[in-house]
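In case you want the letters, here they are:
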Amino acid sequence: MTKEMPKERGIDHTFNLLTEGYNYIGKRMSEKDTDVFETRLLGKKMIVMTGRDAAELFYDETKFKRSGALPIRIQKTLFGVGGVQTKDGEKHRIRKAMFMSLMTEERLGLFRTIMEEEWKRKGREMERKGKAVLYDESEELILRGICRWTGVPLTDVESWGRAYDIGAMIDAAGGVGKRYRVGEDARVRTEEWVEDVILAIREGRLQTEEGSAAHVMAFHEESGERLDLHMAAIELLNVIRPAVAVARFVAFAALALHDFPEWKDKLNTQKELNNFANEVRRFYPFTPFLGAIVKKDFEWNGYAFNEGDAVLMDFHGVNRDPRLWDKPEEFNPDRFNGFVDDRFNFIPQGGGDPNHGHRCPGEPVTVTIIEESVRYLANSLQYEVPEQDLTINMVRMPTLPTSRFVMDRIRVVGSEQ
Ligand code: HEM
């Protein structure tokens, strides 16, 4: 006998999700004192889960699949249609290995050096401007860096426009109306740009380093055939786009330095920087939840999950779960001293093993960007934070500080001068 799952009564709750944003799931879990409840979203039954154990369940590939889980509107803006995120089983394993092959120690070391160089250049540019919006500057800076690393040519003339388009693709994920359409158009333009790059590499008109993402994706083969041009572009963008998305964490990191300045003096070692970057990833809201589909009937904690049921895993909630984190509402990078990561208790970018499941392959790239940004902001840049709206709108997904972190009287200091 299975138990009855706690249910949210009513015809459909899409409106509540859209108007409550990041708080929608947590609020219902506490009200119902549960880790799982049933609701209806976009006219469909949906099982919502939270907690470490639910995360472990969500990543059990014998129980869940991804194909059919991602709404097409999200594929048309954020991810691209039919990319690695939508694959299962052997097909997924082969495609995922292509991404994991990019993350060698040597390639990541090169990426760190590129980020250091790009911050030096950006620091000088921001000093010349005097006043700048950190979020926008970071998007452009990261795009320049990730294009160098992946082997995609990017001129100074196009960098701001391309960064804007990629930002719009990311922002459209949780948007409707104009916000959605702007992102959809931006994806079409961006895919065309990257398709041209892949074609030029394949035809030998553009030389790229072996091991760089553009080279790997241009020549990657599955069942003896290269990826079609469009799919190669989608997957190359699956490196470039999320890297640009890290600009949100850069803005949050600057906000943390502003709101909790006592941590500025505790950024001297690599470990301290790493702790700070991880606390930024835990503390600030980014990925709210993700969906999957039940593969075959099973029971969990006495509840029935039936083949074809759609589930939503609450990522945001796990990073703030008081059963996992002492005083989760406090910003405390030191909590990562001695922290034991069991792959399901800290999931800002998904859980499990990235080699086998869908966990994000880009965590080392993300952490490198945050670390190098924090290092530069804390040690090499002097700036004032003028009056502005730094609140984080928890209804908007993905969110960021409302004013995107404006800096004034910017000066490069120390050995960087
Ligand atoms: C802003 C920082 C980032 C966040 C919050 C983030 C978050 C995520 C999440 C939640 C997933 C889904 C996990 C799942 O489906 O179970 C994911 C997957 C993925 N991420 Fe990231 N990510 C970030 C940065 C990156 C970077 C820098 C890269 C590439 C260099 C990247 C590449 C990917 C790819 C290719 C997937 C699909 C993996 C798969 O389906 O197997 N991400 N990411």
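Residues numbered from 1 in each chain as written. Predicted model: local features only at pLDDT ≥ 70, side-chain atom pairs only at ≥ 80, totals over all residues. Heavy atoms only, no water.

Let us now look at the pattern of salt bridges. In this structure the tally under the stated criterion is 45 salt bridges. A salt bridge links Glu118 to Arg148, with the shortest nitrogen-to-oxygen separation between them at 2.9 Å. Of this pair, Glu118 sits in helix α6 (residues 105–129) while Arg148 sits in helix α7 (residues 134–150), placing them 30 residues apart in sequence. For the salt bridge of Asp156 with Arg121, the shortest nitrogen-to-oxygen distance reads 3.1 Å. Remark: Arg121 occurs in helix α6 and Asp156 occurs in helix α8 (residues 156–172); sequence separation between them is 35 residues. (Salt bridge = Lys/Arg side-chain N within 4 Å of Asp/Glu carboxyl O. Helix = DSSP H or I, 4+ residues; strand = E, 2+ residues; numbered from the N terminus.)

Looking now at the packing of α8 against helix α11 (residues 229–245). Direction vectors running N to C along α8 and α11 enclose 80°, while the axes themselves pass 9 Å from each other. Regarding the angle of α8 to α11, the classification is roughly perpendicular. Where α8 abuts α11, its residues Ile166, Met169 and Ile170 lie against Ile240, Arg241, Val244 and Ala245. Partitioning the contact of α8 with α11 into residue classes produces six nonpolar, no polar and one charged. (Axes fitted to C-alpha atoms, helices over the stretch in contact; angles between N-to-C directions. Parallel < 35°, antiparallel > 145°, perpendicular 65-115°, else oblique. Contact = heavy atoms within 4.5 Å. Nonpolar A, V, L, I, M, F, W, Y, C, P; charged D, E, K, R; others polar.)

Mapped onto the present numbering, the UniProt feature "binding site: heme" (unreviewed entry) falls on Cys360. Assignment of secondary structure puts Cys360 in the loop between α14 (315–318) and α15 (363–379). In contact with Cys360, other than residues within four places in its own chain, are Gln349 and Pro354. (UniProt positions renumbered as here; feature names shortened; annotations may be inferred.)

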